[in-house]
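Spelled out from the first residue to the last, the chains are:
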2 protein chains.
Amino acid sequence: MTITQSRPFSERMQNMPESFIREILKVSSNPEVISFAGGLPNPKFFPVDRIAAAAERVFSKQGTSALQYWVTEGYLPLRDYIAQWQSAKAGRRLAAEEILVLSGSQQGLDLMGKLFLNPGSNALLEGPSYLGAIQAMSAYQPEFHHLKIYEGGPDVNEFNKAMKTLKPPLFYCIPNFQNPTGNTYDLSHRQAMAATEYNNDTIWLEDNPYGEIYFEKNDLPDFFNLLPERTISLGSFSKIISPGMRMGWAAGPKDIIKRMSIAKQASDLHSNNLTQRIIYQFLIDNALEDHLDAIRIFYKEQANFMIAEMMQYFPPQVTWIKPKGGMFIWVTLPDHIQANALLKTAIEQNVIFVPGQHFFIDPKQGTTSLRMNFSNPSKNEITKGIKVLGSLVYDMME
Amino acid sequence: MTITQSRPFSERMQNMPESFIREILKVSSNPEVISFAGGLPNPKFFPVDRIAAAAERVFSKQGTSALQYWVTEGYLPLRDYIAQWQSAKAGRRLAAEEILVLSGSQQGLDLMGKLFLNPGSNALLEGPSYLGAIQAMSAYQPEFHHLKIYEGGPDVNEFNKAMKTLKPPLFYCIPNFQNPTGNTYDLSHRQAMAATEYNNDTIWLEDNPYGEIYFEKNDLPDFFNLLPERTISLGSFSKIISPGMRMGWAAGPKDIIKRMSIAKQASDLHSNNLTQRIIYQFLIDNALEDHLDAIRIFYKEQANFMIAEMMQYFPPQVTWIKPKGGMFIWVTLPDHIQANALLKTAIEQNVIFVPGQHFFIDPKQGTTSLRMNFSNPSKNEITKGIKVLGSLVYDMME
């Protein structure tokens, strides 16, 4: 029984990184630990009672249908709701056929990799980028190319050069309140990038899980508005209702949505039918904007508080991008200080974060940066944790 | 907006068949249509009220935890329950580490293809086989090889020869009440196949969604018992509780389960946390065996009734495998009659089924066979539908 077999694992499995973040989260189950490492929405905004009420209504009115198999594309009233809700932001009337319900937007990353990446294909993505996207796409063995992120967006010349020379089938980006940097593309970057003359057939995969968690309302157009024929936008209920229910969507041109459905059918037949109906019931029974406003106000306050504490307790050589939304702050240490070394000493004092290198393909990049989550820790934990980190950085600067 | 773009779809997407079955199910939404085409569990056994009660308990006791992100491997009490429940059948004590919760067992087919199939790898599978498995694995571009299914199991010499010459990384089989044939491997086939001297490093992927829906209790050992070091067994709550909740599991050696978890993390982070807890609550609050017995008795009666009607109304040249469980009967027409031609005339009389060719890689195989579902139609529909089909077959024989 304990014989170790040689297993015929496929080549693609050699490349798939395990998530350091999910590993470190296992450490953080210790209640003594102050965690800035996670990407957890604050559970105080989980609308438990209203979800329970929605579930009760679904069971009593349509229990049998909710428990049966359903079509791959999703529960039509939910697709209609998403289409209508997103139309204002998209600047055009969306149809249900432009929406595919997903088992969390993570599934969209896997499906888009499956649809568009051959082994050796050029995949262009921000540097740093969302680790889960790197994991999902690495199964399809592309050549990854990072496009460096600066405050306000990537360098447009670098972007044009990459598009011209790489001709990537896929460009993956998170223009709103990025994970991990918290950065947002400004209007001029959005417009200049969308106007690139090197578009080839590139599909723009715009990941937008934090779009609704803005600190100030803005009218920045998404690439989904600017390039409707070639952009797939991924949305998620995880950050605004509940991540445990694993429900998201893809929005985009009908021909791509149709192909995504075929690939999804092969992956999981369809998303949880019961959960789709519970979320739909919740959406029509409640004022979503009021709920979102409460999250926005609280997260903004958390971000501002963390920044105030960093200004007080961190050496002035430490810098960061001030987020306009989302859940993260990207902090950069003075050049000679490694975030990994900081983490090692911080863990001993029960404070954790994610070193920046984990958001790059090449772990030699991002070594002096760290991702700090502000959505989940209490103010007291923020103060204590930032004090610990500040004091350690001062020590390391000596 | 209506410009048709040339899309840079990957090579693997060229091979992925769309499910004919799910397409034909869209036709069957017409209530006039008598459908033997689906693979739907009979909704009269969906325990709606008990699932609703379980959900209410989960919301009231652990609502916040149920709505948060969770670990990829699954909710530990559910994994423990599955491990303990399956231990008796497995013939050994299973640990939670040998269980991975899946978003339906379909996901296990995708993950196993991802783990073990390179482009051009030999994948050995029954002929006919489950269409969803062909779809899922085709994304990984293997060479498929069918192992012909006879009553009682494949020809053992053919199996040995295939294992010797193909050295497949993956052998995919459904030994219990197969979809689409309803066939079950007998004891001698199980033992002889497990004893093959040509095992190489082959991973045995044993799909077992119908295992609990037996018509007579049996002690047939699964390959999961006979070859524990190399078999992944896929299980599902779809046929016994609810398919709409998309919940299944993989059981197998810890090293493979660990790799599957890494691949699953990239695919959907984790399965629906709320649903895992609702299913667990349902399982501990209710007598599962009583529920299963009710399904077993009803499905057996349905199968026997359909066979009795086929004996009465079908020409004696039509043959079938009598199922010992599951939801399907595989019917074979006289050689010169094509199931596709029969379907064309049957649809005009509002009767549908799935022609056998859809369960083969090569659509020139299985052309005189059809898959008949007996779990879902009423007795009245069975009689009416079988009469229609019988009369059409008689006509075609003239």
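Residues numbered from 1 in each chain as written. Chains lettered and ligands numbered in written order. Predicted model: local features only at pLDDT ≥ 70, side-chain atom pairs only at ≥ 80, totals over all residues. Heavy atoms only, no water.

### Focus on the overall build of chain A
Line of reasoning, step 1. Within chain A, the regular secondary structure consists of 13 helices and 14 strands.
Line of reasoning, step 2. Computed over its C-alpha atoms, the radius of gyration of chain A comes to 21 Å, within 12% of the 21 Å expected for a compact globule of 398 residues.
Line of reasoning, step 3. For chain A, the C-alpha atoms occupy an extent of roughly 65 × 60 × 50 Å along the three principal directions.
Line of reasoning, step 4. When each of the 398 residues of chain A is scored for burial, the buried share is 66%.
Line of reasoning, step 5. Here chain A contributes 37 positively and 40 negatively charged side chains, and the mean placements of these two sets differ by 3 Å. (Helix = DSSP H or I, 4+ residues; strand = E, 2+ residues; numbered from the N terminus. Rg over C-alpha atoms; globule rule 2.2 N^0.38 Å. Buried < 20%, exposed > 50% of the residue type's maximum accessible area, 1.4 Å probe, protein only. Lys, Arg positive; Asp, Glu negative; His and termini not counted. Charge placed at Lys NZ, Arg CZ, Asp CG, Glu CD.)

### So, the packing of helix H4 (residues 105-116) of chain B against helix H5 (residues 131-138) of chain B
Residues and elements named next belong to chain B.
Line of reasoning, step 1. Contact geometry for H4 and H5: axes closest at 8 Å, N-to-C directions at 35°. Classified by chirality, the crossing of H5 by H4 is right-handed. In this structure, H4 uses Gln106, Leu109 and Asp110 to contact H5, whose residues at the interface are Gly132, Ala133, Ala136 and Met137.
Line of reasoning, step 2. Here the contact of H4 with H5 is built from residues that sort into four nonpolar, two polar and one charged. (Axes fitted to C-alpha atoms, helices over the stretch in contact; angles between N-to-C directions. Left-handed = near helix turned anticlockwise from the far one by under 90°. Contact = heavy atoms within 4.5 Å. Nonpolar A, V, L, I, M, F, W, Y, C, P; charged D, E, K, R; others polar.)

### Focus on the packing of aromatic side chains
Residue and element names in this part refer to chain A.
Line of reasoning, step 1. Using the criterion set out here, one finds 36 aromatic pairs over all chains in the structure.
Line of reasoning, step 2. Taken together, a centroid distance of 6.0 Å and an interplanar angle of 90° make the contact between Tyr210 and Phe328 edge-to-face. Here Tyr210 is found in the loop between strand E7 (203-207) and helix H8 (223-226), whereas its partner Phe328 is found in strand E11 (residues 328-332), with 118 residues between them in sequence. Across this residue pair, the class does not change: Tyr210 and Phe328 are buried. (Phe/Tyr/Trp six-rings, centres within 6.5 Å; stacked < 30°, edge-to-face > 60°.)

### Regarding the domain arrangement of chain A
Interface size is often expressed as the accessible area that is lost when the parts come together.
Residue and element names in this part refer to chain A.
Line of reasoning, step 1. Segmentation of chain A into domains returns domain 1 (14-46 + 290-397) and domain 2 (48-285).
Line of reasoning, step 2. Listed per partner, the contact involves 33 residues of domain 1 and 34 residues of domain 2.
Line of reasoning, step 3. Here domain 1 packs against domain 2, burying approximately 3,100 Å² in sum over the two surfaces, 66% of which is carbon and sulfur.
Line of reasoning, step 4. The interface formed by domain 1 and domain 2 holds two salt bridges in total.
Line of reasoning, step 5. Mapped onto the side of domain 1 that touches domain 2, the elements with two or more residues apiece are helix H1 (20-27), helix H11 (288-313) and E11.
Line of reasoning, step 6. Of all the elements, H11 adds the most residues to the side of domain 1 that touches domain 2, at seven residues.
Line of reasoning, step 7. Residues belonging to the side of domain 1 that touches domain 2 are distributed by class as follows: 20 nonpolar, eight polar and five charged. (Domains from an automatic or database assignment. Buried area = accessible area lost by both parts, 1.4 Å probe. Salt bridge = Lys/Arg side-chain N within 4 Å of Asp/Glu carboxyl O.)

### A short note on the interface of chain B and chain A
Line of reasoning, step 1. The interface is formed by 85 residues belonging to chain B together with 85 residues belonging to chain A.
Line of reasoning, step 2. The junction of chain B with chain A conceals about 7,600 Å² of combined surface from both sides, 56% of it contributed by carbon and sulfur atoms.
Line of reasoning, step 3. At the junction of chain B with chain A, the criterion picks out four salt bridges.
Line of reasoning, step 4. Between Lys114 of chain A and Asp110 of chain B there is a salt bridge; the shortest N-O distance is 2.7 Å.
Line of reasoning, step 5. There are 44 residue pairs in polar contact (both at pLDDT 80 or more) connecting chain B and chain A.
Line of reasoning, step 6. Of all the elements in the fold, those that place two or more residues in the side of chain B that touches chain A are helix H1 (20-27), helix H2 (48-67), H4, H5, helix H9 (254-268) and helix H10 (273-285) of chain B.
Line of reasoning, step 7. The biggest single contributor to the side of chain B that touches chain A is H9 of chain B, with 10 residues. (Polar contact = N/O pair within 3.5 Å; in protein donor to acceptor, adjacent residues only side chain to side chain.)

### Here we look at the pattern of salt bridges
Line of reasoning, step 1. On inspection of all chains with the given rule, the structure shows 24 salt bridges over all chains.
Line of reasoning, step 2. Glu301 of chain A is the partner of Lys379 of chain A in a salt bridge, and the nearest nitrogen-oxygen pair spans 2.7 Å. One end of the pair, Lys379 of chain A, is in helix H13 (residues 379-397); the other, Glu301 of chain A, is in helix H11, and 78 residues separate them in sequence.
Line of reasoning, step 3. For Arg296 of chain B, the salt bridge is made with Glu289 of chain B, and the minimal N-O distance between the two is 2.9 Å.
Line of reasoning, step 4. A cluster of three or more residues bridged by salt bridges with shared partners is formed by Glu212, Glu289, Asp293 and Arg296 of chain A.

### Description of the side chain of Ser236 of chain A
Residues and elements named next belong to chain A.
Line of reasoning, step 1. Following the sequence through the fold, Ser236 ends up in strand E8 (residues 231-236).
Line of reasoning, step 2. A relative accessible area of 6% means that Ser236 is categorised as buried.
Line of reasoning, step 3. With near-sequence residues (within four places) excluded, Ser236 lies in contact with Ser105, Pro209, Met247, Gly248 and Trp249.

### Things to note about the relation of the copies chain B and chain A
Line of reasoning, step 1. Relative to chain A, chain B is turned by 180° and slid 0.0 Å along the rotation axis, the superposed coordinates differing by an RMSD of 0.0 Å. Expressed as a symmetry operation, the mapping of one chain copy onto the other fits a two-fold axis.
Line of reasoning, step 2. Take the interface residues of chain B: 100% of them recur as interface residues in chain A, which is what a same-surface contact looks like. (Least-squares fit on C-alpha atoms with pLDDT ≥ 70 in both.)

### Observations regarding unusual backbone geometry
Residue and element names in this part refer to chain A.
Line of reasoning, step 1. Cis geometry marks the peptide bond from Gly127 to Pro128; its omega dihedral reads 0°.
Line of reasoning, step 2. You can see Pro128 is positioned in the loop between strand E3 (122-127) and helix H5 (131-138).
Line of reasoning, step 3. Backbone geometry places Asn350, a non-glycine residue, at a positive phi of 60°.
Line of reasoning, step 4. Note on placement: Asn350 falls in the loop between helix H12 (339-348) and strand E12 (351-352).

### Description of the environment of Val354 of chain B
Residue and element names in this part refer to chain B.
Line of reasoning, step 1. Turning to its location among the elements, Val354 is positioned in strand E13 (residues 354-355).
Line of reasoning, step 2. Taking the relative accessible area as the measure of exposure, Val354 reaches 0% and is therefore buried.
Line of reasoning, step 3. Separated by 14 residues in sequence, Val354 and Asn340 place their C-alpha atoms 8.6 Å apart.

### Considerations on the sheet that holds strand E10 (residues 319-320) of chain B
Residue and element names in this part refer to chain B.
Line of reasoning, step 1. Strand order in the open sheet formed by four strands is E10-E11-E14-E13, and the pairing between neighbours is antiparallel. Only two strands of the sheet have a single partner each, and these edge strands are E10 and E13.
Line of reasoning, step 2. Two strands pair when backbone bridges link them, and E13 and strand E14 (residues 369-373) are joined in this way by two bridges, in the antiparallel orientation. Within the sheet, the bridge partner assigned to Val354 lies in E14 and is Arg371.
Line of reasoning, step 3. Contacts from helix H11 (residues 288-313) reach E10, strand E11 (328-332) and E14 within the one sheet, and its direction differs from that of E11 by about 20°. (Pairing = 2+ DSSP bridges.)

### Some words on the pairing of E14 of chain B
Regular strands place their side chains on alternate faces of the sheet.
All names here are of chain B.
Line of reasoning, step 1. The buried count for E14 comes to five of five residues, which makes it a mostly enclosed element.
Line of reasoning, step 2. Where burial is concerned, the two faces of E14 agree: the one with Ser369, Arg371 and Asn373 and the one with Leu370 and Met372 are both buried.
Line of reasoning, step 3. Where E11 and E14 come together, five bridges link them in antiparallel fashion. Its bridge partner lying in E14, Phe328 is registered against Asn373.

### Section: the environment of Asn286 of chain A
Line of reasoning, step 1. Topologically, Asn286 of chain A is positioned in the loop between helix H10 (273-285) and H11.
Line of reasoning, step 2. When the C-alpha positions of Asn286 of chain A and Ala54 of chain A are compared, they lie 9.7 Å apart, and in sequence the two are 232 residues distant.

### Thoughts on the confidence of the model for chain A
Line of reasoning, step 1. With 97% of its residues at a pLDDT of at least 70, chain A reaches an overall mean of 95.
Line of reasoning, step 2. Quick note on the complex model: pTM equals 0.96, ipTM equals 0.96. (pLDDT = per-residue confidence, 0-100.)

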